Amino acid sequence: MSFNVRPETMARITTPALAAAFIEEQVAALRAQIGDKKVLLALSGGVDSSVVAALLIKAVGKQLVCVHVNHGLMRKGESEQVIEVFGKELDANLIYVDATDRFLDLLAGVSEPERKRKIIGAEFIKVFDEESSKLEGIDFLAQGTIYPDILESDGVKAHHNVGGLPEDMKMELVEPVKLLYKDEVRVVGEALGLPHNMVYRQPFPGPGLGVRCLGAITRDRLHALREADAILREEFDNAGLAGKVWQYFIAVPDTKSVGVRDGKRYEGWPAIIRAVNTTDAMSATIEELPYALLHKITDRITHEVEGINRVLYDLTPKPIGTIEWE
């Protein structure tokens, strides 16, 4: 079976045997493309970039240089986990870059969603170019582009791995899973021997919390979003929903309403829960959460997170709503 193109009749990768065939072909293709050169990978720690990292390690070993950029838009504890898993457990060539202030300064006052995505994507490439200039023989940039990214890149998505690349970028792209759907990437990841909890980790957009802190990003609202999202994920784990719901997160809009705390009126932001199920990210259904769980999440967020005074649940499927708000 050839994986160079994705015809309509191409069988989905659903079994270890099909995954093994894909891995064998991709390893050969990667070795032919990269040769004895080095390749730079934007390692977010999500399933797509993790599987690409594993494929590249299998194909070219230490020629792979993983760069994890903390753009200040990561989920709580995310960068620390990437360092632990990849830097220590998998012994990857990992470079950690804390560029929080750099990204947030560029995003100050920017409210238009596509402009935010473009800024984040362009700055990612700049960081990678800077890191690659410090190294010798970096000729390739690996990315975790998957098939829905390509299908939706015309006017729907402008992620850094599809719509934000500069025309004068010096590195050649390496995109070994660009013809796969998300469920197929997971099958390949398990066939590569990646930990189950890594393979089934929550999808996370390239712009991170930048597209969930709606409108112009402020540091206080971004902090509230990060804390509320951590509570949501913790309660989903406690309720046994982590492996049953495909994606769940919080979005916080730049809108305030009146609330009451400690007997006094105060203004706060709403936290919007989004929980969806899908197999290919092209369409999605809403998870029907128990009201007892929603009440518990609401109580924790409104009492533990400074600045949040309401919790809402988004009931819109895709289509008509996209999975992300921006």
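Residues numbered from 1 in each chain as written. Predicted model: local features only at pLDDT ≥ 70, side-chain atom pairs only at ≥ 80, totals over all residues. Heavy atoms only, no water.

Structural notes on the overall build of the protein
When you go through the protein residue by residue, the secondary structure sums to 10 helices and 10 strands. Relative to the globule expectation of 20 Å for 326 residues, the C-alpha radius of gyration of the protein, 20 Å, shows essentially globular dimensions. The proportion of buried residues among the 326 residues of the protein is 54%. Carbon and sulfur atoms form 52% of the exposed surface of the protein, whose accessible area is close to 14900 Å². Of the side chains in the protein, 38 bear a positive and 49 a negative charge, and the two mean positions are spaced by 2 Å. (Helix = DSSP H or I, 4+ residues; strand = E, 2+ residues; numbered from the N terminus. Rg over C-alpha atoms; globule rule 2.2 N^0.38 Å. Buried < 20%, exposed > 50% of the residue type's maximum accessible area, 1.4 Å probe, protein only. Areas by Shrake-Rupley, 256 points an atom, 1.4 Å probe, with all protein chains shown as cover. Lys, Arg positive; Asp, Glu negative; His and termini not counted. Charge placed at Lys NZ, Arg CZ, Asp CG, Glu CD.)

Focus: the pairing of strand β8 (residues 264–277)
The element β8 is extensively covered by neighbouring structure, given that 10 of its 14 residues are classed as buried. As paired strands, strand β6 (residues 247–251) and β8 are joined by five bridges and run antiparallel to one another. Bridged to phenylalanine 249 within β8 is arginine 274. Taken together, the five bridges between strand β7 (residues 257–261) and β8 define a ladder with antiparallel strand orientation. (Pairing = 2+ DSSP bridges.)

As for the environment of glutamate 175
With respect to the helices and strands, glutamate 175 occurs in the loop between β5 (172–174) and α7 (182–191). C-alpha separation for the pair glutamate 175 and arginine 265, spaced 90 residues apart in sequence, amounts to 52 Å. One polar contact links glutamate 175 to glutamine 143, side chain to side chain, over a distance of 3.5 Å. (Polar contact = N/O pair within 3.5 Å; in protein donor to acceptor, adjacent residues only side chain to side chain.)

Some words on the environment of isoleucine 231
Structurally, the position occupied by isoleucine 231 is in helix α9 (residues 219–238). When its relative accessible area of 6% is taken as the criterion, isoleucine 231 is described as buried. Not counting residues up to four positions away in its chain, the partners in contact with isoleucine 231 are Arg300, Ile301, Glu304 and Val305. (Contact = heavy atoms within 4.5 Å.)

Points about the layout of surface pockets
Estimates place the volume of the second largest pocket at around 650 Å³. Lining the second largest pocket are 27 residues, and of these Asn197, Tyr200, Arg201, Gln202 and Ala242 sit closest to its centre. A per-element tally of the lining of the second largest pocket places helix α3 (residues 78–89) first, with six residues. By residue class, the composition of the lining of the second largest pocket is 10 nonpolar, eight polar and nine charged. (1 Å grid on protein atoms, 1.4 Å probe; cavity = no way out; pocket = protein on both sides within 12 Å on 5 of 7 lines; lining within 4 Å. Points joined across faces, edges and corners; volume = space filled by probe spheres on them. Nonpolar A, V, L, I, M, F, W, Y, C, P; charged D, E, K, R; others polar.)

Considering the pairing of β6
With five of five residues buried, β6 is to be regarded as a mostly interior element. Where burial is concerned, the two faces of β6 agree: the one with Gln247, Phe249 and Ala251 and the one with Tyr248 and Ile250 are both buried.

Thoughts on α7
Looking at α7, one finds that the buried residues are Lys182, Glu184, Val185, Arg186, Val188 and Gly189. Residues of α7 that are buried sit in contact with α1 (16–34), α2 (47–60) and α8 (196–199). The first or second residue beyond α7 is glycine 193, which carries a positive phi of 90°.

Focus: the confidence of the model for the protein
Scored by pLDDT, the protein has a mean of 89; 93% of the residues are at 70 or more. Mean pLDDT across the secondary structure elements of the protein bottoms out at α8, with 81, and peaks at helix α10 (residues 291–304), with 98. (pLDDT = per-residue confidence, 0-100.)

Points about the sheet that holds strand β2 (residues 64–70)
Read from one edge to the other, the open sheet built from five strands follows the order β3-β2-β1-β4-β5, with strand pairing classed as parallel. Pairing within the sheet leaves two strands with one partner each, and these edge strands are β3 (94–98) and β5. Shown here is a sheet whose adjacent strand axes are inclined to one another by a mean of 30°, direction ignored. With respect to the sheet, α3 is in contact with β2 and β3, its orientation differing from that of β3 by roughly 165°. (Axes fitted to C-alpha atoms, helices over the stretch in contact; angles between N-to-C directions.)

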